[in-house]
Each structure stands twice: as structure tokens, then as C-alpha cells.
Amino acid sequence: MATAGDELLPPRLPELFETSKQLLDEVEVATEPTGSRIIQDKVFKGLDLLKKAAEMLLELDLFSRNEDLEEIASTDLKYLMVPAFQGAFAMKQVNPSKRLDHLQWAREHFLNYLTQCRYYHVAEFELPKTKANSAENNTADSSMAYPSLVAMASQRQAKIERYKQKKEVEHRLSALKSAVESGQADDDCVREYYLLHLRRWIGISLEEIESIDQEIKILRGKDSSKEASTSHSSRQDRPPMKPFVLTRNMAQAKVFGAGYPSLASMTVNDWYEQHRKFGALPDQGIAKKTSEFKTAAQQQDQEQEEEDDEQAVHRAREWDDWKDTHPRGYGNRQNMGSEQTCSNTSHPVCGQLAPKKQLVGEPLPIPKIKKPNKKTVDKYHALYISALCKLFDKVQYGLPETQELTII
């Protein structure tokens, strides 16, 4: 029968270890979110029990660097996993503001466990880099822009080997678990059972440390980006600097300006607003015309109409004068015989008509213009006279070469 004195006694080391191990198993298989109150209570309770167990191990001095793995009792091997359990519980804590501290604390516990296992030669593995080792290798890593392909291949192969070993260890643990928990296993089976647990947690610790390093890198990068954003926002509070133009020599300075006074005096929006007020910008593809522009356009149209009217009157008068001196049918006298009487007299026209030659020169391309002005008429008239003179110089009509064509 338990007495009151027994109830006040602190829990023993086996009880602390088994209770914390049971809490860890419940947290691992729980379906509730990790941030729920139930899970976090179990996490804090497990951390408290493991802290007491670690202090008790230090007081008992259960493990010493002066002894080998074979000298440790089989029932005491399981206590080597206390740092690994502490790291696992630390990873389950949920507090975004202290996440970096929790990761670093968990990494220290996992690394402590791996160091002990490597000292006792529990398994063959390579210890992860500590902070001191990583600081020494910073220069070597920074000189490499990309990780070595050989290193990547070796890391992949190591992960594959750890996965195979993990599956093999879990299979052997499942076969020994019932015998050890029922107390029917001998000392060799118990020792093998705990050694398998130690090797299993070695693989878990290596994977957790690799994941922790990646998460720490992300968190630190996030903090640095926040600092950069705050510094950038402080720089934006400064007054804007005036632009300037750099030139190599005086010639360029004269062309491009030395930056003063050829700096912009207004923004594009100000220029647009200023021109929009005066109606000097197109509105939806249709240009606006002010009253001055309309008046000028109307005056120009009136002057053009008056000029066209004067030219039309002048051409009509010339046509009337030409008809007065040239009766109808003038120039169409081919095949009309040897005599021709005038329309107003009965006297024959003196002389005999000589045969005529018709010559065709090169065509003149003249566009169709409804209302040509005087300048346009003079232009194409000059072209016609020039072509006519060239045709005369080419044929000469039996005249001497010194003879020139005179146009009345």
C-alpha cells in the first residue's frame, strides 16, 4: 500500500522517459492540428518531463566518455534518446515570433544526440556541419556559384541509403516489440531492440537537421528582406533629385545641353492639360479647330474660289476671241480639192493646197485637274511647247537646220 511519503516522491527516470515517449507517440499520430490546444499542452508537458530526465541523467552521470557502448547496460541505452526526444518536441512548438529560436534549440538537441551516438559508434554516419564549421566553409561555399554535381549525387545516395536502413530497422523493431514489452525477451533481444531505436532516431535526426537548416535560411532571408524594405521606404522619403545630362565635350553640351537650363520645365501631364485647354489636341481622333483656325480656312477657300473664277472668265474670253478669227471647220481641209470658196464671197481662194504631213510625238502625261490654277496651266503649257520644239528639231520639214520654230 502506498504511503503519503511515496506520493510526494519525485518521479523516477524510467517513469519520466516512458511518459514522455508515450506523449511523443500520441503527438505524432494525432489527427488534431499541431497548433491546437490539446497538442500544445502535450508538447509542453513532454518538454518539461524530458528536461527533468536530462537533469537527472547529469546527476546520475549515467554515461561517460571513458566507457564504450558494450559497457552500457541494455536497459540504460534508451536514455541516450532523451536529446532526440527534446528536439522532436521542440519542432512541434507553434509560435511564429519564436520560430527561429525553436529551430535553433531543436538543432542543438539533435546534434547533441548525434554526437553521443557517433562517440559510442552506434552507427556509421557523418555529422552535420556545426556553426563553427559552417563559418569556416563560408568562403569556400561563396566561391561556388552552384553546388557540385558530385556533392549533390552523394547527398542523394546518402538519402536513399538512410531510407533503406529506416525501412529495415522499422521491420525488425516490429518483430521485437511485442517480446520486449511483454518482458519475455532476453538481454540480447532487449539490447538489439534499443540499438535499433537508436539507429532509427539517427536517421530521423539527420533528416530533421537538414530540414531545419533550410527553414532557418528561409526565415533569415525573410528578415533581411524586411530590413531592406524598411530601408527602401526610408529612402523614398527623401526629396526627389533633379535630373542632369552628362556630356563628354563642349560640342555635345551645345547639342544636348549641359543639363541646365535644358531641363524639363513641366511634366507630360501638365503639357497635355495646357494644350487641351487651348483645343490644340485631337479629341477621340477628331481634331478641334479654334475660331481663328476656322476663319483662316474660310478666307483661304474664298480666295481660291475667286482665283478660279477669274481664270475661268479669262479662258472663256480667249475662246471667244479664237472663234472670231477661226470659223467652224478650220484646219479640217484634207481631201477638199484644189479650190475652196469663202463662205462670205464667191471668189475662189488663190493657190493650190499642198499635201500635208501629220506627225505624232511622244505623249505627255497630264493629270486630270478639275480646277487648275494659272501656275499649273503654265507648267503643262511649257511642257507642251518644249515637246513641240523637240519634234520640229527632229524632223525640220525640209527646212535648213538653222531654221528655228517660232510659236505665235
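Residues numbered from 1 in each chain as written. Predicted model: local features only at pLDDT ≥ 70, side-chain atom pairs only at ≥ 80, totals over all residues. Heavy atoms only, no water.

On a plain count of helices and strands, the protein chain comes out with 13 helices and two strands. Within the protein chain, buried positions represent 21% of all 408 residues. Summed over its atoms, the accessible surface of the protein chain is roughly 32,100 Å², and 54% of this surface lies on carbon and sulfur atoms. (Helix = DSSP H or I, 4+ residues; strand = E, 2+ residues; numbered from the N terminus. Buried < 20%, exposed > 50% of the residue type's maximum accessible area, 1.4 Å probe, protein only. Areas by Shrake-Rupley, 256 points an atom, 1.4 Å probe, with all protein chains shown as cover.)

With that settled, the discussion passes to the nonpolar core. Within the largest apolar cluster, 54 residues are counted, with the highest numbers of intra-cluster contacts made by Leu77, Phe89, Tyr113, Leu198, Trp201 and Ile202. Per-element accounting of this core gives the leading share, 13 residues, to helix α9 (residues 187–236). The contacts of phenylalanine 89, once residues within four sequence positions are left out, are Ser20, Leu23, Leu24, Val27, Lys42, Val43, Gly46, Leu47 and Leu50. (Core = buried A, V, L, I, M, F, W, Y, C linked by side-chain atoms within 4.5 Å. Contact = heavy atoms within 4.5 Å.)

Side chains of Asp301, Glu305, Asp309 and Glu310 sit close together on the surface and give a patch of like negative charge. Topologically, glutamate 305 is positioned in helix α12 (residues 291–325). Overall, the relative accessible area of 48% leaves glutamate 305 in the partly exposed class. (Patch = residues over 30% accessible without salt bridge, like charges linked within 9 Å, V, L, I, M, F, W, Y side chains within 5 Å. Salt bridge = Lys/Arg side-chain N within 4 Å of Asp/Glu carboxyl O. Lys, Arg positive; Asp, Glu negative; His and termini not counted. Charge placed at Lys NZ, Arg CZ, Asp CG, Glu CD.)

Across the protein chain, the average pLDDT comes to 77, with 72% of residues at or above 70. Element-level mean pLDDT values for the protein chain span from 47 in helix α7 (residues 138–142) up to 92 in helix α4 (residues 82–91). Per-residue pLDDT stays below 50 along residues 284–288; that stretch engages in four contacts with residues further than four places along the chain or on separate chains. (pLDDT = per-residue confidence, 0-100.)

Evaluation of the coordinates by the stated rule reveals 13 salt bridges. Put simply, aspartate 25 and lysine 21 hold a salt bridge, and the shortest N to O gap is 3.5 Å. In this pair, aspartate 25 and lysine 21 both sit in helix α2 (residues 13–29), four residues apart, roughly one turn of the helix. The class for aspartate 25 is partly exposed, based on a relative accessible area of 39%. A salt bridge links aspartate 41 to arginine 37, with the nearest nitrogen and oxygen atoms 3.4 Å apart. With a gap of four residues between them, aspartate 41 and arginine 37 both fall in helix α3 (residues 37–60), about one helical turn apart.

On the secondary structure map, serine 74 appears in the loop between α3 and α4. Counting along the chain gives 113 residues from serine 74 to aspartate 187, while the straight-line C-alpha distance between them is 7.0 Å. For serine 74, the contacting residues outside a window of four places in its chain are Asp187, Val190, Arg191 and Tyr194. There is a polar contact of 3.2 Å between the side chain of serine 74 and the side chain of arginine 191. (Polar contact = N/O pair within 3.5 Å; in protein donor to acceptor, adjacent residues only side chain to side chain.)

Right, let's talk about unusual backbone geometry for a bit. With a phi angle near 50 degrees, aspartate 61 is a residue other than glycine that sits in the positive phi range. Inspection of the secondary structure puts aspartate 61 in the loop between α3 and α4. Classification of aspartate 61 by relative accessible area gives exposed; the value is 54%. Even without glycine at this site, histidine 121 takes up a positive phi of about 60 degrees. Among the secondary structure elements, histidine 121 is positioned in the loop between α5 (99–119) and α6 (131–136).

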